[in-house]
Amino acid sequence: MPGTVPTHEDHVDVLIVGAGPAGLMLSTWLSRCGIKTRIVDKRGTKVFNGQADGLQCRTLEIFDSFGFAHRAWRESNHMIEICLWNPDENGRIRRSDRIPDTIPQISRFQQVVLHQGRIERFFLDSMKEHSNLTVERGVLPVSFEIDEAKAADFDDYPISVTLRTLSDKEATPQQRQQHQKSADGQRAVVDDGLFRSNLVADDTDDLIRAATADSSRDGQVELVKAKFLVGCDGAHSWVRRQAGFKLEGDSTDYIWGVLDIVPITDFPDIRHRCAIHSANAGTIMVIPRENKLVRLYIQLQATSYNKNGEKADRSWITPDIILQSAQRIIHPYKLDYSYCDWWTAYQIGQRVGDHFSLHDRVFLAGDAVHTHSPKAGQGMNVSMQDTYNLGWKLAHVVKGYCDPAILKTYESERRGIAQQLIAFDHRFSRLFSGRPARDIIDEEGVSMEEFKATFEKGNEFASGIAVNYDASLLVAKGSKIAESNDEYKCRVTSKPQLATKIDVGKRMPSFKVLNQADARPWHLQELLKSNGRWRVIVFPGRLTDPRNMQRFQQLGQKLGDPDSFIRQYTPPGQPIDSMIEVLTVHAGPRTEIELLDLPEAFHPNHGDMGWDYWKVYVDDDSYHEGHGQAYANYGIDPSNGASVIIRPDQYVSWVGDMDDYEEMARFFSAFMKQQVAGKPGAANVRVPFMTTKL
């Protein structure tokens, strides 16, 4: 093919295609872990307005673990209450109910909204702070090969991808410029967001054909050899097509328009999240945004924009048509605008990929493997959580810390979540799009009571807190399964009765604890930074109880032994807590315990840097912030205690007896590689995971 001869060759651990939120989450993880990574995107610039906007509780917890949740929290609009508007007996819309937007007490964060461009900026700034990794924009992959004979050797580079640099014109999407109203009567211009919509055909193949046909473009083609390839390149995913996979599901005939405007209206709840069902004109979702903006998801009369049952002709869809639909729905209230920041339209469809990975070398994430309507605020969140799940696993395998078998858990864990998301969205979007029932015998209409119940039930799922991973090599739940029966099942079993409010397979909930050394209160999740470390959290109960103290000291001796599993998995030359960090939360009272009287394994000495004073905490009253009641909230008996193993992504792997060293060691032995000189994994150690910074 003309113009496709590479001018040079590069070798990387991970090549990421697509620099949206999913791709940037993955590159942020890998930048923290010292993995040689490249991330490319065919678009010439990042997103500056519009696109996704909802940030759920769990996503903010993840942002906090990376150190930038405060930026999103400060800049975003906080979603506190949902108002439901339905037609009365005369067909006039009226407020019928109010419910909390986020279920109280499930997280220390609540749902917020902030446009995707700012979220991408947080990731880019974080990458810059921790590495020299940057997004290569206007770069398009044009060919892919995988040497299956090399796929089982995880030190090799079986993937070959040819990259081509696009011209500025090619990297800039074609947009229809629409004139919008302004207060002085002039017509300003706003570009549409349709180029990313599912109403528009993908332009990747056209770009490849145009670029490769030009033989004069020397110096713009490169061959990249990679250990892993991750496709975060959206619903039209090029990587998915190269892997031979497909999305499975269906589309509805519902067409929705989206406007980001500064509204001029007498509608009383315009600064609340609202679900508005009109009697006959359709439905609106109102999302109050930052900077005076409000996003409106507006149901269009789909039959007006379909031709012969085919996808909608987007040329019919304009901001004015979307606004007119909104005005009919919200009547008798008035709605207009002078400023529109962004607009788009989409067709509702729910699809899930038939596979999420190829030979554990090529992975798909985000819209590349699941698509759905945006009104539940899940798309960006679930996409980022896909690569949050994958990032640390890739890093551990690349560095030789873990057996590649852990990579199989990506598909088993995230495909199940995608299927749950699609099932929820399928039901929710149909209830949202349907006409309200006029009375109890109106079988074709949607029951507003059913809609409210679905909305409330969906809130926990939508928050991201309900994610619960099944039993695997990394999740010890259910019955113990012998190693010979299934090499991908965990070799140990948990004792959930010891911590009845901690669910194995779910993220570790957070409550306030005090630092033993200085009495400062911390949320437990604040201690679980995303730096690639596993955690063993020991809850020894009341250490004033001689029996508990004796068990705790015996555990400390075993953990501190030169042959302990902690030391076996620590890379040579690295601090003892660089791979598995031991944290302690005892039941108090704080003033009855001296930190330096506890075994060194619980407050390791770092030589010239002295003792570690940030490893031991207590469930006790603080001077200014009350009592976190951690033991009660975790369901742990302070007279007996428990221990919990936490994955690098904050999900609970195992719950057991406080001093059950043997089960802890057996859990890690199933997938961790010894890091002693001459042992597997030692040769792969390059850059240590970053040290903890609170």
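Procedures and definitions
Residues numbered from 1 in each chain as written. Predicted model: local features only at pLDDT ≥ 70, side-chain atom pairs only at ≥ 80, totals over all residues. Heavy atoms only, no water. Phe/Tyr/Trp six-rings, centres within 6.5 Å; stacked < 30°, edge-to-face > 60°. Helix = DSSP H or I, 4+ residues; strand = E, 2+ residues; numbered from the N terminus. Buried < 20%, exposed > 50% of the residue type's maximum accessible area, 1.4 Å probe, protein only. Lys NZ or Arg CZ within 6 Å of the ring centre and 35° of its normal. Pairing = 2+ DSSP bridges. Axes fitted to C-alpha atoms, helices over the stretch in contact; angles between N-to-C directions. Salt bridge = Lys/Arg side-chain N within 4 Å of Asp/Glu carboxyl O. pLDDT = per-residue confidence, 0-100. Contact = heavy atoms within 4.5 Å. Expected span 1.5 Å × (residues − 1). Core = buried A, V, L, I, M, F, W, Y, C linked by side-chain atoms within 4.5 Å. Domains from an automatic or database assignment. Arc of directions from axis to C-beta. Polar contact = N/O pair within 3.5 Å; in protein donor to acceptor, adjacent residues only side chain to side chain.

Peer 1: Quick question: what am I supposed to make of the packing of aromatic side chains here?
Peer 2: By convention here, two paired aromatic rings are described through the distance between centres and the angle between planes. Following the criterion strictly, the structure yields 31 aromatic pairs and no others. Look at phenylalanine 68 and phenylalanine 122: their rings are 6.2 Å apart centre to centre, the planes differ by 40°, and that puts the pair in the tilted class. Taken together, the residues phenylalanine 68 in the loop between helix H2 (57-66) and helix H3 (69-75) and phenylalanine 122 in helix H4 (residues 116-130) connect sequence positions 54 residues apart. The same class applies to phenylalanine 68 as to phenylalanine 122, namely buried. Over the ring of phenylalanine 154 we find arginine 361, and its NZ or CZ is 4.3 Å from the ring centre.

Peer 1: What is the right way to look at the sheet that holds strand S22 (residues 512-515) in this model?
Peer 2: The 7 strands are arranged S23-S22-S26-S25-S24-S29-S30 in an open sheet whose pairing can be described as mixed. Edge positions in the sheet fall to strand S23 (521-523) and strand S30 (652-656), since each of these pairs with one other strand and no more. Pairwise comparison of adjacent strand axes, ignoring direction, gives a mean angle of 30° for this sheet.

Peer 1: Even after reading the chapter, I still don't get the pattern of salt bridges, so can you show me in this structure?
Peer 2: A pair can form between side chains of opposite charge whenever their charged atoms are brought close. Counted according to the given criterion, the structure contains 36 salt bridges. Note that arginine 414 is salt-bridged to aspartate 386, the shortest N-O span being 2.7 Å. With arginine 414 in helix H10 (residues 408-433) and aspartate 386 in helix H9 (residues 379-398), this residue pair connects regions lying 28 residues apart in the sequence. The pair arginine 414 / aspartate 386 is uniform in exposure class, with both members buried. Among the ionic pairs, lysine 615 bridges to aspartate 612, the shortest N-O distance being 2.6 Å. In this structure lysine 615 comes out as buried when scored by relative accessible area, which is 3%.

Peer 1: Explain the confidence of the model for the protein chain here, please?
Peer 2: Detailed reading of predicted coordinates is not advised where the pLDDT is low. With 81% of its residues at a pLDDT of 70 or more, the protein chain shows a mean pLDDT of 85. A low-confidence stretch, residues 303-309 (pLDDT under 50), is modelled with 12 contacts involving residues beyond four sequence positions or located in other chains. Every residue in residues 480-485 scores below 50 in pLDDT, and together they form 8 contacts with partners more than four places removed in sequence or on other chains.

Peer 1: Sorry if this is basic, but what is going on with the sheet that holds strand S3 (residues 54-55) here?
Peer 2: Sheet strands associate in pairs through backbone hydrogen bonding, adopting either a parallel or an antiparallel arrangement. Spatial strand order, S3-S7-S4: 3 strands in an open sheet with antiparallel pairing. At either end of the open sheet lies a strand with only one pairing partner, and these are S3 and strand S4 (77-78). When S4 meets strand S7 (residues 112-113), the two strands line up antiparallel, connected through 2 bridges. Across the sheet, residue histidine 78 finds its bridge partner in S7, namely valine 112.

Peer 1: Can you help me understand H9 in this one?
Peer 2: Across its 20 residues, H9 extends 29 Å between first and last C-alpha, which sits within 8% of the 28 Å expected from 1.5 Å per residue. Glycine 400 lies just past H9 and shows a positive phi near 80°.

Peer 1: Is there a simple way to think about the nonpolar core in this case?
Peer 2: Side chains of a nonpolar character, in soluble globular proteins, are inclined to be buried together. Within the largest apolar cluster, 112 residues are counted, with the highest numbers of intra-cluster contacts made by Phe63, Leu394, Trp534, Phe565, Ile580, Phe668 and Phe671. A total of 9 residues in this core trace back to one element, the largest contributor, which is H9. Domain assignment of the residues forming this core places at least three in each of domain 1 (1-76 + 114-171 + 210-249 + 352-407) and domain 2 (496-670). Core analysis: the next-biggest nonpolar cluster, separate from the first, contains 30 residues, Leu498, Ile502, Leu583 and Val644 among them.

Peer 1: Would you mind going over the pairing of strand S13 (residues 221-231) with me for this structure?
Peer 2: Each regular strand displays side chains that alternate between the two surfaces of the sheet. When you tally the buried positions in S13, you get 10 out of 11 residues, the bulk of the element. As paired elements, strand S1 (residues 8-17) and S13 share 9 bridges and run parallel to each other. In the sheet register, isoleucine 16 faces S13, and the bridge partner there is valine 230. Taken together, the 6 bridges between strand S10 (residues 159-165) and S13 define a ladder with antiparallel strand orientation. When the bridges of S13 are listed, arginine 164 appears paired with valine 221. Summarising the sheet, S13 and strand S20 (residues 362-364) pair through 3 bridges and their orientation is parallel. Opposite valine 230, over in S20, you have phenylalanine 363 as the bridge partner.

Peer 1: What am I meant to see in helix H12 (residues 546-560) here?
Peer 2: Helix length check: H12 (15 residues) gives 21 Å between terminal C-alpha atoms against 21 Å at 1.5 Å per residue, within 8%. Among the residues making up H12, those that are buried are Asn548, Met549, Arg551, Phe552, Leu555, Gly556 and Leu559. On an axial view of H12, the arc spanned by its buried residues comes to 165°, and they lie on one face. What points out from H12, more than 90 degrees from its buried face, is the exposed set Pro546 and Gln557. If you follow the buried residues of H12, they end up packed against strand S24 (534-541), helix H13 (565-568), strand S25 (580-586) and helix H15 (661-669). Capping the start of H12 is the job of one residue whose side-chain oxygen sits 2.9 Å from the backbone nitrogen of arginine 547: aspartate 545.

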